[in-house]
Amino acid sequence: RWFVNNSVIAETTANLTGTSFSKGDSLACEVTPFDGEASGTAVMSSMATVQNTPPHVVAASITPRNAFQASTLTANAHGWYDVDGDTEAYQYLWKVNGNSAGTTATLSNTSFSRGDSVVVEITPFDGETTGAMVASFAVQIQNTPPTVSSVSLQPTAPITTDTIVASPSGGADADNDTVSYTYTWYVDNNVVAGETGPNLASNHFVRGNVIAVEAAPHDG
């Protein structure tokens, strides 16, 4: 006879499966010897308490996979399983270049820079016990392209003897790299071959031409 929390259940075989009890239950078994004709004196086992089963998680990942200095990284757990049906929860450990960097589900961009390698370790936790840790693949923080807001020409009303100068403004780089520029000059919508600097000499235009320039930022 099997007892679950001191109550007799219907099972009468030598084995009791997990469908008959839950975490925290107390189990005992009374065994009666039988020789085919008569039963002997029953004996009772000691009490056994059903322990908590550690949870399990299959894999970990980081999003976004293409990460930049402005990104916020998020840890993702895949394949939670808990025999006891406990609530899904996790413990996190972020590592940047192998060094601990955070313990929450997200990692802000103040914790890494361009070129860093970021991994997250996720440990399943059911409120009582931790399961086996799983680690994500590394995410490499990529270079962020620089930006520029505008470019102006000086003088604004040139004459045929002037050198025209391009002046970009609002250049920025999230990785704090030095921003330089390459220039493409246009005279009447035609590219001026070989001119990639900030100045356009007067020999490239005549009265009545329309001058424009493109400034492309570059971080090296």
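The preceding data block contains the structure.
1. Points about the side chain of Q69
With respect to the helices and strands, Q69 occurs in the loop between β6 (59–63) and β7 (73–78). Among the polar contacts listed, one links the side chain of Q69 to the backbone oxygen of N109, at a separation of 2.8 Å. A distance of 3.1 Å separates a polar atom in the side chain of Q69 from the backbone oxygen of F112. Once you skip the residues sitting within four places of it in the chain, Q69 turns out to touch N109, F112, S113, R114, I141, Q142, T144, A174 and D175.

2. Digging into the sheet that holds strand β14 (residues 150–154)
Spatial strand order, β14-β15-β18: three strands in an open sheet with antiparallel pairing. The outermost strands of the open sheet, each flanked by one partner alone, are β14 and β18 (199–200). Taken together, the five bridges between β14 and strand β15 (residues 164–169) define a ladder with antiparallel strand orientation. Counterpart to V151 in the pairing with β15 is P168.

3. Here we look at the nonpolar core
Within the largest apolar cluster, 19 residues are counted, with the highest numbers of intra-cluster contacts made by I62, L73, W94, L107, F112, V118 and I122. Among the elements of the structure, β6, β7, β8 (90–96) and β11 (117–124) are those that each provide at least two residues to this core. When residues in this core are grouped by element, the largest group, four residues, is from β8. Every residue in contact with I62, bar those within four places of it in the chain, is listed here: L73, T74, N76, W94, V118, V119, V120, S136, F137 and V139. Counting eleven residues, the second largest nonpolar core, distinct from the first, contains I164, L200, F205 and A215.

Reading guide: rules and limits
- Residues numbered from 1 in each chain as written.
- Predicted model: local features only at pLDDT ≥ 70, side-chain atom pairs only at ≥ 80, totals over all residues.
- Heavy atoms only, no water.
- Helix = DSSP H or I, 4+ residues; strand = E, 2+ residues; numbered from the N terminus.
- Polar contact = N/O pair within 3.5 Å; in protein donor to acceptor, adjacent residues only side chain to side chain.
- Contact = heavy atoms within 4.5 Å.
- Pairing = 2+ DSSP bridges.
- Core = buried A, V, L, I, M, F, W, Y, C linked by side-chain atoms within 4.5 Å.
- Buried < 20%, exposed > 50% of the residue type's maximum accessible area, 1.4 Å probe, protein only.

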